Amino acid sequence: MRGRRTAARPAGGRAGRSGPEAGAGTAYATQDPRHRLNVPAGNMSCYPDDAGHFLRWLVRHGDPRATATDFVPRGRFGGYLADALADAAVRARGAAALRHVRARATGCSWAGARAALALSDGSVLHADAAVLATGPLTGRGGWVPGALRRSPRFVADAWAPGALDGPLACDRDVLLVGTGLTAVDVALSLDRLGRTVHAVSRTGALPRPHAATPLPPVAPPEPLEGLPLRQLRCRVYRHVRRTVRSHGDWRPALDGLRPLTARLWGTLTPEERDEFLARDRSLWNIHRHRMAPATAEAVAGLRRARRLTVSAGQVASVAQADVASQTGAVSDRADSAAADLCVTLDDGRVLRVGWVVDCTGPETHPARSGDPLHRGLLEAGLAAPGPLGIGYATDADGRLLGPGGDARAPLWTLGAHRRGELWESTAIPEIRVQAARVAEVLVDRPAAAARGAAHPEPAGPMGLPPATYAAAAARGAAVRPDADR
Ligand SMILES: Cc1cc2nc3c(=O)[nH]c(=O)nc-3n(C[C@H](O)[C@H](O)[C@H](O)COP(=O)(O)OP(=O)(O)OC[C@H]3O[C@@H](n4cnc5c(N)ncnc54)[C@H](O)[C@@H]3O)c2cc1C
């Protein structure tokens, strides 16, 4: 992406993307209406300064009775993002141009002052600055035994286009490895009479449901910043207990922590962060990343009907079920029982299933990713792993820092790649703020400063022009008149 605002030359933004539709991404490409947002509509606006933007879009686009507390199908949100992007591009005409390049970026290098992005179609895209907005890394499946990895009945990435076509085309039982939000969606999609979907994970715990009638967040009454992890944990538990007593629900306490999470994470030592991941992460995740109430009801129904089982367990080994298949006559027919897999779990249980789907979630460490773009950035020293190796090291605006802690190139990132720095950085309420800040920095960036680390940066707290969010909002409003929203 290139950003330069001069009267003579409009800014140009290039959105490199391998999929077909801008806006959909991994999360919102699904057209299965059972796959719902896990954040209520009132908190899913793509503009941080206009909370009702998504809700108004829903009302105008077929949901006249939509409310801020609705959890709508995710495909609707993909449509909204595509619309919002097209709308912004039209309104920015003359000042900025957007070109959607349908290709995968496979490498990024800096030649003098310009970035050179190698694309999967063999071409090279040149830019003054780049934003790594590639979303969560594809899971690596470190737990997958070799026999399973080689099996045509193994789905390594549940969100890849067409990934579930195989299990959807047959009635065989299915094993989901992972019991988080991905497993929940996959279980709903694969459900049918006569099939059992088994879901296993280390804890066997499903995400908790959102409240049908949510209460407003409750801020912790005691200061939490700067406390050692042990004390922080005690105070958080106390805050939750008090909120349960006063409000009858733990959720407002958790929601009240959300605006503080990044700051609290930032004050923990590396050892404390490590301890948090080992001891608290699972509990945090199931309470923080919750299911929509309708999703929770559907899941409860499947469990009651015994079409979904959820338990603690890890895959110990996998073998082909049928002896004939072991001798080489492997059937690749989707409905063939001969192709079943026998999965032995660490507690000795053996499950005979037609398919195994990896629902363990994305890779969080770029250094472990096989993606050439990420590998190349690290190898060239243009980026360095973030705290504990999670995501990338960035400054407060999301600019990538090299191994020495300095910004080596005009290269920014946001979302999942900032998780090591911020912890809470994967959902729209955080990403929209980060995106606005990156856009603000790029738009304000004098052309000379975009010419690489060899050139001095303008003075400011982060080595960038000082700017406030209000100033950014004012500029945003100049190209986003309210009448158009
Ligand atoms: C199943 C699921 C459900 C979710 N539900 C919610 C929700 O309800 N609410 C919420 O707030 N958050 C949700 N999230 C979190 C979600 O990740 C964020 O909301 C948001 O979609 C992240 O946006 P992003 O642009 O950073 O990444 P993505 O949406 O993943 O987009 C990244 C894009 O970059 C492309 N890309 C990747 N690598 C390259 C490359 N090398 N070259 C070119 N293009 C590339 C991808 O194809 C993709 O189009 C969900 C996530 C998942 C996986």
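Scroll up to find the structure this text is about.
The following refers to the structure shown. (Residues numbered from 1 in each chain as written. Predicted model: local features only at pLDDT ≥ 70, side-chain atom pairs only at ≥ 80, totals over all residues. Heavy atoms only, no water.)

1. Quick word on the pattern of salt bridges
The full count for this structure, using the stated rule, is 25 salt bridges. Across the pair Asp63 and Arg76 runs a salt bridge, and its minimum N-O distance is 3.2 Å. Note that Asp63 is positioned in the loop between helix 2 (53–60) and helix 3 (74–91) and Arg76 in helix 3, a separation of 13 residues in sequence. Residue classification places Asp63 among the partly exposed positions, given a relative accessible area of 26%. (Salt bridge = Lys/Arg side-chain N within 4 Å of Asp/Glu carboxyl O. Helix = DSSP H or I, 4+ residues; strand = E, 2+ residues; numbered from the N terminus. Buried < 20%, exposed > 50% of the residue type's maximum accessible area, 1.4 Å probe, protein only.)

2. Things to note about the state of the cysteines
Under the definition given, this model contains zero disulfides. In this structure Cys342 is not part of a disulfide, and its nearest cysteine sulfur, from Cys170, lies 15 Å away. Look at Cys342 and you get partly exposed, because its relative accessible area is 22%. The cysteine Cys359 is free of any disulfide, with Cys170 supplying the nearest cysteine sulfur at 15 Å. (Disulfide = S-S within 2.5 Å.)

3. A word on the environment of Val200
With respect to the element layout, Val200 can be found in strand 9 (residues 197–201). As for Val200 and Ala29, which are separated by 171 residues in sequence, their C-alpha atoms are 26 Å apart. Beyond its immediate sequence surroundings of up to four residues, Val200 is in contact with Leu175, Leu176, Val177, Gly178, Thr179, Ser311, Gly313 and Leu345. (Contact = heavy atoms within 4.5 Å.)

4. What about the packing of helix 6 (residues 181–190) against helix 12 (residues 293–304)?
Running from N to C, helix 6 and helix 12 cross one another at 60°; their axes reach a closest spacing of 11 Å. By the angle class used here, helix 6 and helix 12 are oblique. Relative to helix 12, the crossing made by helix 6 is left-handed. On the side of helix 6, the interface is formed by Val184, Ala187 and Leu188, while helix 12 contributes Thr295, Ala298, Val299 and Leu302. When grouped by side-chain class, the residues that make up the contact of helix 6 with helix 12 number six nonpolar, one polar and no charged. (Axes fitted to C-alpha atoms, helices over the stretch in contact; angles between N-to-C directions. Parallel < 35°, antiparallel > 145°, perpendicular 65-115°, else oblique. Left-handed = near helix turned anticlockwise from the far one by under 90°. Nonpolar A, V, L, I, M, F, W, Y, C, P; charged D, E, K, R; others polar.)

5. A look at the sheet that holds strand 12 (residues 341–345)
Strand pairing in a sheet relies on backbone hydrogen bonds, with the paired strands running either antiparallel or parallel. Reading across from one edge, 11-12-13 is the order of the three strands in this open sheet, with antiparallel pairing throughout. Only two strands of the sheet have a single partner each, and these edge strands are strand 11 (315–320) and strand 13 (350–353). In this sheet, adjacent strand axes meet at a mean angle of 20° when their direction is disregarded. Pairing of strand 11 with strand 12, which is carried by five bridges, proceeds in the antiparallel orientation. The residue bridging Gln320 from the neighbouring strand is Leu341, located in strand 12. (Pairing = 2+ DSSP bridges.)

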